[in-house]
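Geometric and topological summary
Here's the letter readout for the chains.
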Amino acid sequence: MRAVIGLSLMFMAGMAQAQASNCASVAAPQAMPIRPTVVAPFASEMVLPSHQLGAPTGVLSQAYDETLAVDQVLETGRSGQPWHQYSLKHGAITHGVQFASPERRREAIAYYTPGSGLDVAIAEQRRLREAEGRPAGLRIGVLGLGVGSTAALSRAGDTVRFYEINPKVISLAWGEGGYFSYLKDTPARVEVVEGDARISLEQELERGQGQAFDVLALDVFSSDSIPLHLLTEEAVA
């Protein structure tokens, strides 16, 4: 298996490297006769320009989960402004942002912009497939859905499979309320699995339904709440 490790959460990266029998960096890939796998743990960091992260002008949707943490859809700016956007917050954490206008809503913004670690990992896998003469479509797995912004990095022929534990987040990402549309806008095939990501992946393997992802992004690390069962050797194997 080939593992390409993201630049954040290096303690996680070290465990992932220990599980890989053959590791190669993005800088010096070599063609291999087997499907490469990218393990990409990412820490959450907003990268929107400061003028696009102004104070929210309104709370458009609010719901509480079983832990009494609140899911909020916030609006920043107004219709007609180029930075008019909607954002999703769960508790104190922002889980994604999308521009509101039809002209800009397909832009990948916030955590996963063009040139981000995930975008680089996806681009590298496309290059490897082309070099090996294999079909261009990628299988991309994402642990943690947010508003589905990672789908903006996909192309026609790709399959993006999300794992998300919060059913309210899934509903909002699929367009409930008309705030977010990444999942519907992408030309890629989108699959969303509801439930704990590690358990879902384990059950798929037990059923003989391993997903053989080209890229697997672990986007479940935010604030001071880290799911410890996703830091084990089994989780990154």
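Use the structure listed above.
Residues numbered from 1 in each chain as written. Predicted model: local features only at pLDDT ≥ 70, side-chain atom pairs only at ≥ 80, totals over all residues. Heavy atoms only, no water.

1. Thoughts on the nonpolar core
Counting residues in hydrophobic clusters, the biggest one holds 33 residues, and the most contacted among them are Phe162 and Phe180. The leading source of residues in this core is helix 3 (residues 167–173), at four residues. Among the nonpolar cores identified, the runner-up in size contains nine residues, and Leu143, Phe213, Leu218 and Leu230 belong to it. (Core = buried A, V, L, I, M, F, W, Y, C linked by side-chain atoms within 4.5 Å. Buried < 20%, exposed > 50% of the residue type's maximum accessible area, 1.4 Å probe, protein only. Helix = DSSP H or I, 4+ residues; strand = E, 2+ residues; numbered from the N terminus.)

2. With respect to helix 2 (residues 117–132)
The terminal C-alpha atoms of helix 2, which comprises 16 residues, lie 23 Å apart, in line with the 22 Å expected from a rise of 1.5 Å per residue. Looking only at helix 2, the buried set comprises Leu118, Ala121, Ile122, Glu124, Gln125, Arg126, Leu128 and Arg129. Taken from the residues just after helix 2, Gly133 is the one with a positive phi, measuring 75 degrees. (Expected span 1.5 Å × (residues − 1).)

3. Some details on the packing of aromatic side chains
Enumeration over the complete set of coordinates arrives at four aromatic pairs. Ring geometry for Tyr163 and Phe213: centres 6.4 Å apart, planes at 90 degrees, overall edge-to-face. Of this pair, Tyr163 sits in strand 9 (residues 159–164) while Phe213 is found in the loop between helix 5 (197–206) and strand 11 (215–218), placing the two residues 50 residues apart along the sequence. Note on accessibility: Tyr163 and Phe213 belong to one class, buried. Relative to Phe180, the ring of Tyr179 lies with its centre 6.4 Å away and its plane at 65 degrees, an arrangement referred to as edge-to-face. Members of the aromatic cluster, each reached through a chain of ring pairs, are Tyr86, Tyr179 and Phe180. In this structure, Arg104 packs its charged tip against the face of Phe99, placed 3.8 Å from the ring centre. (Phe/Tyr/Trp six-rings, centres within 6.5 Å; stacked < 30°, edge-to-face > 60°. Lys NZ or Arg CZ within 6 Å of the ring centre and 35° of its normal.)

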